[in-house]
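Here are the chains, one letter per residue:
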Amino acid sequence: MTLTRDEARERSQIVRPEHYDIELDLDRGPREFASTTRLTFTAQNGASTFADLDPVSLESAMLNGRKLPVSALEGRRLHLTDLAEHNELVVTATMRYGRDGQGLHRAEDPADGEAYVYGHLFMDAAPRVYACFDQPDLKAPYDVTVRAPGGWIVVANGAMREVEPGLWRAETTKPLATYFVTVCAGTFATVTDEHDGIRLGIHARASLRDHLEAQAPEMLTVTKQSFDHYHSLFGIRYPFGEYHQVFVPEFNAGAMENPGCVTFRDQLVFTGAAGRTEHLVRANTISHEMAHMWFGDLVTMQWWDDLWLNESFAEYMANRTLEAATEFDDAWVDVAASRKAWGYAAERSPSTHPVAGAPADDTDTALQNFDGISYAKGSAVLRQLIHHIGDDAFVAGVRAHLERHAFANATLADFLEALSQAAGRDLTEWAQAWLETAGMDTLRIEHDGDNVGETASPRLVITPDPDRPATRVHTVRVAAYDQAGAEVAADDLHGVSGRVKLPNIAAATGGESVALVVPDAGDLTWAGVAFDDASLEAMAGALPGIDDATTRAMIWTALAHGLARAEVAPEQILAIAEAALPAETQMPVLDVATSLALGAVVGRFLPWSERPAALAGLADLAERMLAEADGEHDPRTLAGARLLAGTGDAGRLTPWFRGEDLPAGLDGDTPFRWRVARRLAQLDAVTIDDLDEALAADNTMSGRLGYLTARASFPDAATKVWAWEELTAAPSEDSPAHSNYEMNALASGFWSADDEATLAPYVERYVSDIPRMREWVGEDALARVASLAFPAALASEELDVEVRRMLDQQLPASVRRSVVDAHATMREVIASRAVFAR
Ligand SMILES: [Zn+2]
């Protein structure tokens, strides 16, 4: 039973936590740990409420010196009755380590057998670690003590000191929300530094030490530059003491903003070739979590329905900071290329919701709204807000908001009030249209002739979603290009809606020079872009010549949107990729374009019969990119190699698997080798023995995951029987559950085969087996499994019937949301095939 908003509201009327004292004993073997919580709190005299606790066994619970009966714990709730004005609750319990990335997750590193433990308590997993009032508006300071095996290092929100061998004690924290509390423990490799009086630590598994030490300077530089930038922007110093960044195994999300002790997925410590996109994403994640120290941690939302504001703000602030204060001044290119595409896909799904004010009656529902709308749309909308009220007013409003609610909680209304005051204008209407109404406008260019060059009166037409009407005012830049992609004219438009004249472009269109008009050049707004036919026709020729990388990225995102809406044919995407990519030199653009061509067009939109020919075309494209590339530091080398590794020529890939003739920079790159292994397994061009041998040579966490994906990818029926059983079997005493990452690896490999017939029986298995996994997999992890294991490769009307039947059943919230979204994507495939007559 998850906490409802009404229950949270009621409880915060009754109790106010004063202080948590938590002792954890992590030296009790691989399955369980001991937890003692001493919680002092005030309450209404005589009132009753409950604390949250999810133990294996409750050893004892004492309230104000009296022992509570065992029956006081019902499900995850420990009932507390007859409260006094001042109370002390002492709970001793045995808890289970998580394998699903939630609670106190424990993982063993096969490289050296070392174990690692970290707390991920977002959103409602705190009761898996300690007894608490688990809701974001009941903050208190924490004292944390940890007993850990010898040789371990322990890091937590407050600065940790080893007070006696194996016993670690943290400094008292500032008031924290329950979901921010974390402990990370294990034989971490550590790099320390200091900046502006703040002690900095970066930690990762011991087996990653060399990579960590080599990459720490880049990470620390971004950290320091972000601190300086936020200090001057917000006018409030970082308030949580030391700042540790811990790269932990099998992490569900990108990172988590625990004050003073941020956890990151440890793939962000690169073990193979990493392109500009990977470096940008890591820098972005570092800066994003730092923005949360103020927005989210210092000021926390009252209830989960305003969680979006944390994420929208941090997403926006990280990119702003990277551009202004670091070497990553191309941050917005990646936003246009990948984050926006993620958000537009979310907006197209029936699961879309307003940025703000989406109902979150309980924590499970709130988790489902934590998506591309909260991050990508919210950030884009904040950018539009800044155009609307001016940057000075925005910054002044943010400062006032942070000062007013420091170490406490706030709502959207509080935030808008601070901005309104700073801007001296009412934002009700603006918020209604942009934040409180779902859906997006479509931008298209309208002109009188067949061809932009033939008309003197081109117009930008902004059309709202007919099902969700709203009048949104946009700041956009419309730019016109000639056949070779040189910019001919542009109109910068502020606060526009409806039909808008384009005087500069009109003046330029008298001649023949305009071939392509881009309605949102520079990617300033949030809208679906529909190209006119003439522009689409000219795209392959003009795109490579367009100077601005953000605009090229935005065009690819718009093409992906057009593909999904059956407005752009799959072949058109392939043709544009073939023309544009050999000349493309920006990694985020190459990444998004190759994954659109390979993953979306060939992997899903084209029917099975047409895939081999398309793959051969992409293999030629990859060879041309490799031929055009100028060595290891040219992004086309990595992008070309990755594209080729996804195509069908086993003869070309087998030497790469053996480590021969690899493109520059990929020698000894084990993650790349596993990518090749997976493709060869799909093609049935390696053996299980070959994979076993490769695993023996790379017996690491990432190696084992690469192995599982490749192993599940063989096309034969026996492999599918094995892989499905591995993925979905319930854990037992002898065989513990697969970890979240192992399940993801198996699911990612599963849906490949020589023909659809081998896979068809697993549609029914998906419908029956995946929801059942909720019994042992947390919502967050199961959502990912449900998405990755969805039979997207089999898109058809028959599958559609099965999926609709599934959606008629009772489903865990996470599974329902994943299936709704995957179903929406499948409907896009079916619609495209109908329009383009397949
Ligand atoms: Zn965030």
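Structure: above.
Parameters at a glance
Residues numbered from 1 in each chain as written. Predicted model: local features only at pLDDT ≥ 70, side-chain atom pairs only at ≥ 80, totals over all residues. Heavy atoms only, no water. Donors = N, O, S within 2.8 Å, 3.2 Å for Na, K, Ca; no water. Helix = DSSP H or I, 4+ residues; strand = E, 2+ residues; numbered from the N terminus. Pairing = 2+ DSSP bridges. Axes fitted to C-alpha atoms, helices over the stretch in contact; angles between N-to-C directions. Core = buried A, V, L, I, M, F, W, Y, C linked by side-chain atoms within 4.5 Å. Buried < 20%, exposed > 50% of the residue type's maximum accessible area, 1.4 Å probe, protein only. Contact = heavy atoms within 4.5 Å. Disulfide = S-S within 2.5 Å. Expected span 1.5 Å × (residues − 1).

Draft legend 1. Representation of the coordination of the zinc ion in the model. Listed as protein donors to the zinc ion are H288 (NE2), H292 (NE2) and E311 (OE); their distances from the metal cover 2.0 to 2.1 Å. Read N to C, the donor residues that coordinate the zinc ion are spaced as H-x3-H-x18-E. Taken together, the positions of H288 and H292, both in helix α3 (residues 276-294) and four residues apart, correspond to about one turn of that helix.

Draft legend 2. Just the sheet that holds strand β28 (residues 516-518), in detail. The three strands are arranged β26-β25-β28 in an open sheet whose pairing can be described as antiparallel. What marks the edges here is a single partner per strand, and that holds for β26 (487-496) and β28. Strand-to-strand, the axes of this sheet are offset by a mean angle of 15 degrees, without reference to chain direction.

Draft legend 3. Inspection of the nonpolar core at higher detail. Counting residues in hydrophobic clusters, the biggest one holds 146 residues, and the most contacted among them are F531, W556 and I770. Take this core: its biggest share by element is eleven residues, from helix α15 (residues 587-605). In contact with I770, not counting residues within four places along its chain, are W724, T728, R765, L782, V785, A786, A789 and V815. Grouped together as the second largest cluster of nonpolar side chains are 127 residues, I14, Y20, I202 and F234 included.

Draft legend 4. Just helix α17 (residues 635-644), in detail. Within α17, nine of the ten residues are buried, leaving the element largely enclosed by the surrounding structure. Residues of α17 that are buried: R636, T637, L638, A639, G640, A641, R642, L643 and L644. Looking at the buried residues of α17, the elements they touch are α3, α15, α16 (611-628), α18 (650-657) and α19 (670-682).

Draft legend 5. Broad picture of the state of the cysteines. Under the counting rule described, the total for this entry stands at zero disulfides. The thiol of C184 is not disulfide-bonded; the next cysteine sulfur, from C261, is found 4.1 Å away. Overall, C184 belongs to the buried group, its relative accessible area being 0%.

Draft legend 6. Up close: helix α25 (residues 761-772). Counted at 1.5 Å a residue, the expected span for α25 with its twelve residues is 16 Å, and the 18 Å between its end C-alpha atoms agrees. Turning to α25, its buried residues are Y762, V763, Y766, V767, D769, I770 and P771. On its buried face, α25 sits against α22 (717-728), α23 (740-750), α24 (756-759), α26 (779-788), α27 (797-808) and α28 (813-835).

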